[in-house]
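Coordinates in review
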Amino acid sequence: MGASDDPRRVHFQSPEYLVDRLDAIADLFDKDRTDLLVDAIREYIEDTADSETFQELVATKYYDDQLEFETVKQLVGAETAQRLRLLKADLEDEPLDLATPDDVDVYDGDVTTVDDDR
């Protein structure tokens, strides 16, 4: 078990009926309440992280400097976070100030013009 897998005690309040249902399910499967909670949390996090809406929100907040890269990595995984980092760097770059080439005819002499006589 790695350091990130070490258990951490978490205390929270829940409506009694949910705890009662959870205990009944735990008894049915001969499992511990904690195991069911951890499984449910893991599944929720995986489903959320895979959703397009969630990934768009993470990207938007990262591009707006509301999230640090390490947090993005935790939320969407290392590969997606790296892709977002590269895109952010690309977005932050100044556009190249290149002059239009004079010696290249990109239209190959076949230019169509439009008169706008409104």
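Values in this document were obtained by computation on a predicted structure and should not be read as measured data.

Reading the values: rules and limits
Residues numbered from 1 in each chain as written. Predicted model: local features only at pLDDT ≥ 70, side-chain atom pairs only at ≥ 80, totals over all residues. Heavy atoms only, no water. Helix = DSSP H or I, 4+ residues; strand = E, 2+ residues; numbered from the N terminus. Buried < 20%, exposed > 50% of the residue type's maximum accessible area, 1.4 Å probe, protein only. Contact = heavy atoms within 4.5 Å. Areas by Shrake-Rupley, 256 points an atom, 1.4 Å probe, with all protein chains shown as cover. Expected span 1.5 Å × (residues − 1). Polar contact = N/O pair within 3.5 Å; in protein donor to acceptor, adjacent residues only side chain to side chain. Salt bridge = Lys/Arg side-chain N within 4 Å of Asp/Glu carboxyl O.

Considering the overall build of the chain
When you go through the chain residue by residue, the secondary structure sums to five helices and zero strands. Start at the N end of the chain and walk to the C end: the helices and strands fall as α-α-α-α-α. Evaluated residue by residue, the chain yields a buried proportion of 14% over its 118 residues. When contacts within the chain are restricted to residue pairs at least 6 apart in sequence, those whose partners lie at least 24 apart make up 20%. Counting only carbon and sulfur atoms, one obtains 50% of the accessible surface of the chain, whose full area is about 11,000 Å².

Some details on unusual backbone geometry
With the exception of glycine, the majority of residues adopt a negative phi angle, and the majority of peptide bonds are in the trans configuration. We note that D30 has phi near 55 degrees; this positive angle belongs to a residue other than glycine. With respect to the helices and strands, D30 occurs in the loop between α1 (16-28) and α2 (33-50). Exposure remark for D30: the relative accessible area of 72% places this residue in the exposed category.

So, α2
Helical geometry note: an α-helix holds 3.6 residues per turn, so side chains three or four residues apart project in the same direction. Taking 1.5 Å per residue, 18 residues should reach 26 Å; α2 reaches 26 Å between its end C-alpha atoms and fits that length. Two to three positions downstream of the cap, the backbone nitrogen of T34 sits 2.9 Å from a side-chain oxygen, assigning the N-cap of α2 to D32.

Digging into α1
For α1, with 13 residues, the first-to-last C-alpha span of 18 Å sits near the 18 Å given by 1.5 Å per residue. Just downstream of α1 lies D30, where phi reads positive at about 55 degrees.

With respect to the pattern of salt bridges
Counted according to the given criterion, the structure contains five salt bridges. Ionic pairing is found between K88 and D65, a salt bridge with its closest N-O pair at 2.5 Å. Here K88, found in helix α5 (residues 78-92), pairs with D65, found in the loop between α3 (52-63) and α4 (69-76); they are 23 residues apart in sequence, far enough to count as distant. In this structure, the salt-bridge partner of K73 is E70, at a minimum N-O distance of 3.5 Å. With K73 and E70 both in helix α4, this residue pair falls three residues apart, about one helical turn. Sharing partners across several salt bridges, the network here consists of K31, D39 and R42.

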